[in-house]
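Here is how the chains run, residue by residue.
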Amino acid sequence: MFTDRGSQMRVLFAARPEAWQAWAPALREACPEMDLDRGGEPASFDAIIYAPGGEIEDLSPYGNARLVQSLWAGVERIVTNPTLTQPLARMVDPGLARGMAEFCTGWAMRAHLGMDRYAQDGTWRNDVVAPLAPQRGVTILGLGELGRATAAMLGAIGFRLAGFSASGRPVEGVEVFDADHLAAALGRAEILINLLPDTARTRDLLDDDHLAMLPRGAWIINPGRGTAIVDAALIAALDRGDLGHAVLDVFRTEPLPGDHPFWSHPGVTVTPHIAAETRPETAAPVVAENLRRAMSGRPILNLVDRDRGY
Ligand code: NAP
């Protein structure tokens, strides 16, 4: 039962304790009618703001919560929680989307311009002329909020864009391939960017067979999820020289264990899951809007489909 306190709502902040300081002021400013707390009687909460790493694993005592609002775009850890019965919304944040687009564009430019070619060793390497962006094929796996923002930024530079999504829904400026046409999407990818969510259907997608469909020398940029790539298959393809380089931001185990071969492989750049952060200043109004919708019984935005897993 929804507790009747007028427009007041009591909201549980269930995230890493360190996140509280960054989030609480922005959330309270965006939603002054919210009584935000880090703990208390479970039945007293009207909604839950969630991010991985907090203490609450069992959501069953929070039966009065009308919404679990994730602070993360990736919801694989909460959507698979068997105690989750409340509606779950994922994070859609303009700051997050811009951050991801900037990350992907930066690393794509490193690949495109061949920035790694110019070792400071006294050798005058002027024999390679990089193609212009319209001659460079970039494929984005996943054309959701982040994939589309990345496509818009790369498209503004002029790259020849292809994309891959479950539905194959059209995206302006992108040649879109649906779930049955992965091979065609990979075949165009001199630079491959993975922005797929982690679901049962995307796990291990980039295995030996699919990596072999990429053009020789292709770069992979993976800020999506580590589970999409079979680690051993990627290392083997790099070792054979089939792939040019991999920029990996996400991993099957995080932090990436110190003895993992990715750390020492010359064909791999490791970044520590920093591609894009949800920004309290841009995301708090998004959270506030969804909380108000949940409280007033209006449709909740960015609902996660449990069966699809994203
Ligand atoms: P989203 O809006 O839910 O979009 C997901 C996209 O993936 C959609 O285009 C969807 O297709 C497609 N897709 C899902 N399953 C598929 C399948 N089996 N085959 C083909 N396409 C499939 O997600 P988002 O907000 O863009 O976020 C994407 C992911 O980025 C998150 O899930 C998270 O893992 C990752 N992320 C990483 C960081 C970081 O810092 N590294 C930060 C934020 C997010 P449809 O369009 O047809 O539904």
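The numbering scheme is per chain: residues are counted from 1 as the chain's sequence reads. In keeping with the predicted nature of the model, local features appear solely for residues at pLDDT of at least 70, side-chain atom pairs appear and are counted solely at 80 or more, and the whole-chain, interface and lining totals rest on all residues. Excluded from the side-chain calculation are hydrogens and water; included are all heavy atoms of the structure.

> Before we move on, can you summarise the sheet that holds strand β3 (residues 47–50) with the specific residues and values?
Pairing between strands is defined by DSSP: at least two bridges between the two strands are required. Each helix corresponds to a stretch of at least 4 residues labelled H or I by DSSP, and each strand to a stretch of at least 2 residues labelled E; elements are numbered beginning at the N terminus. With parallel pairing, the five strands of this open sheet are ordered in space as β2-β1-β3-β4-β5. Pairing within the sheet leaves two strands with one partner each, and these edge strands are β2 (34–37) and β5 (88–89). Throughout, a contact is declared for two residues whenever any of their heavy atoms are within 4.5 Å. Think of each axis as a best-fit line through the C-alpha atoms, taken over the contacting stretch in the case of a helix, with angles from 0 to 180 degrees between the N-to-C directions. Contacts from helix α1 (residues 19–30) reach β1 (9–14), β2 and β3, with the element oriented near 175° to β2. Across the sheet, helix α8 (residues 280–296) lies against β1, β2, β3, β4 (68–70) and β5, angled at about 130° from β1, the strand it touches most.

> Report on the sheet that holds strand β9 (residues 191–194), specifying residues and quantitative values.
Working definition: the strands of a sheet are paired by backbone hydrogen bonds and lie parallel or antiparallel to each other. Strand order in the open sheet formed by seven strands is β8-β7-β6-β9-β10-β11-β12, and the pairing between neighbours is parallel. Of all strands in the sheet, those bounded by a partner on one side alone are β8 (175–177) and β12 (268–270). Strand after strand, the sheet turns through a mean of 15° between neighbouring axes, direction not considered. Where β9 lies against strand β10 (residues 218–222), three bridges are found, and the strand directions are parallel. Across the sheet, the residue bridging to Ile191 is Trp219, located in β10.

> Run through the pairing of β1, naming residues and quoting values.
Think of it in three bands: residues with accessible area under 20% of the maximum for their type are buried, residues over 50% are exposed, and the middle band is partly exposed, with areas taken using a 1.4 Å probe on protein chains only. Most of β1 sits out of view: six of its six residues are buried. Burial along β1 is two-sided: the face carrying Met9, Val11 and Phe13 and the face carrying Arg10, Leu12 and Ala14 are both buried. As paired elements, β1 and β2 share four bridges and run parallel to each other. For Leu12, the partnering residue across the bridge sits in β2 and is Asp37. With α1 bridging β1 and its parallel neighbour β2, the resulting β-α-β unit is right-handed. Every crossover in which the path from the first strand over the helix to the second runs clockwise, viewed with the strands pointing away from the viewer, is termed right-handed.

> Can you break down the nonpolar core residue by residue, with the values?
Here is a general trend for soluble globular proteins: nonpolar side chains tend to be buried in one another's company. Phe13, Leu27, Met34, Leu36, Ile49, Ile193 and Leu291 are the most contacted members of the largest nonpolar core, which totals 54 residues. Where a domain begins and ends is set by an automatic assignment or by a domain database. Summarising the domain contributions, this core has at least three residues from each of domain 1 (9–93 + 278–296) and domain 2 (94–270). Those residues within four positions of Ile193 in sequence are excluded, and the remaining contacts are Cys104, Val138, Thr139, Ile140, Leu141, Thr150, Leu154, Ile221 and Pro223. The definition of a nonpolar core used throughout is a set of buried Ala, Val, Leu, Ile, Met, Phe, Trp, Tyr and Cys residues joined through side-chain atoms within 4.5 Å. The next biggest cluster of nonpolar side chains, apart from the first, holds 30 residues, and it includes Leu205, Leu211, Ala237 and Phe251.

> Could you give an account of the site of the ligand, with specific residues and numbers?
When we say a residue is near a molecule or strand, we mean one of its heavy atoms is within 4 Å of it. Contacts to the ligand come from 31 residues, most closely from Arg90, Leu146, Ala166, Ser167 and Tyr310. Any N or O atom pair separated by 3.5 Å or less is treated as a polar contact, with the protein-specific requirement of one donor-capable and one acceptor-capable atom, and with residues adjacent in sequence counted only for side-chain atom pairs. Between the ligand and Gly224, the relevant distance is 3.3 Å, taken from an oxygen atom to a main-chain nitrogen or oxygen of the residue. For the ligand, whose unbound accessible area comes to 940 Å², protein coverage reaches 94%. Those elements that provide at least two residues to the shell around the ligand are α3 (94–113) and α4 (145–157). Residues are grouped as follows: Ala, Val, Leu, Ile, Met, Phe, Trp, Tyr, Cys and Pro are nonpolar; Asp, Glu, Lys and Arg are charged; every other residue, Gly included, is polar. Counted by class, the shell around the ligand contains 15 nonpolar, nine polar and seven charged residues. Summarising the domain contributions, the shell around the ligand has at least three residues from each of domain 1 (9–93 + 278–296) and domain 2 (94–270). Here the Shrake-Rupley method, with its probe set to 1.4 Å, supplies the accessible areas, and only the displayed protein chains count as covering residues.

> Describe the domain arrangement of the protein, with residues and values.
If you check the domain split of the protein, you get domain 1 (9–93 + 278–296) and domain 2 (94–270). Computed from C-alpha atoms alone, the centre-to-centre distance between domain 1 and domain 2 is 32 Å. Note: buried area is the sum, over both parts, of the accessible area (probe 1.4 Å) each one loses when the two are combined. Regarding the contact of domain 1 and domain 2, the summed buried area is about 790 Å², with carbon and sulfur atoms giving 57% of it. For domain 1, the biggest contributors to the area lost against domain 2 are Glu76, Val92 and Asp93; these three give 53% of the whole. One speaks of a salt bridge when a side-chain nitrogen belonging to Lys or Arg is within 4 Å of a carboxyl oxygen belonging to Asp or Glu. If you look at where domain 1 meets domain 2, you find one salt bridge. Among the salt bridges present, the one from Arg225 reaches Glu76, with a minimum N-O distance of 2.6 Å. The tally of links between domain 1 and domain 2 comes to five residue pairs in polar contact (both at pLDDT 80 or more). A per-class count over the side of domain 1 that touches domain 2 returns five nonpolar, three polar and four charged.

> Tell me about the environment of Ile220, and please be specific about residues and values.
Relative to the elements of secondary structure, Ile220 occurs in strand β10. For the pair formed by Ile220 and Leu71, sequence separation is 149 residues and the distance between their alpha carbons is 27 Å. Ignoring any residue separated from it by four or fewer positions in sequence, one finds Ile220 in contact with Leu192, Leu211, Leu214, Ile229, Leu234, Leu243, His245, Ala246 and Val247.

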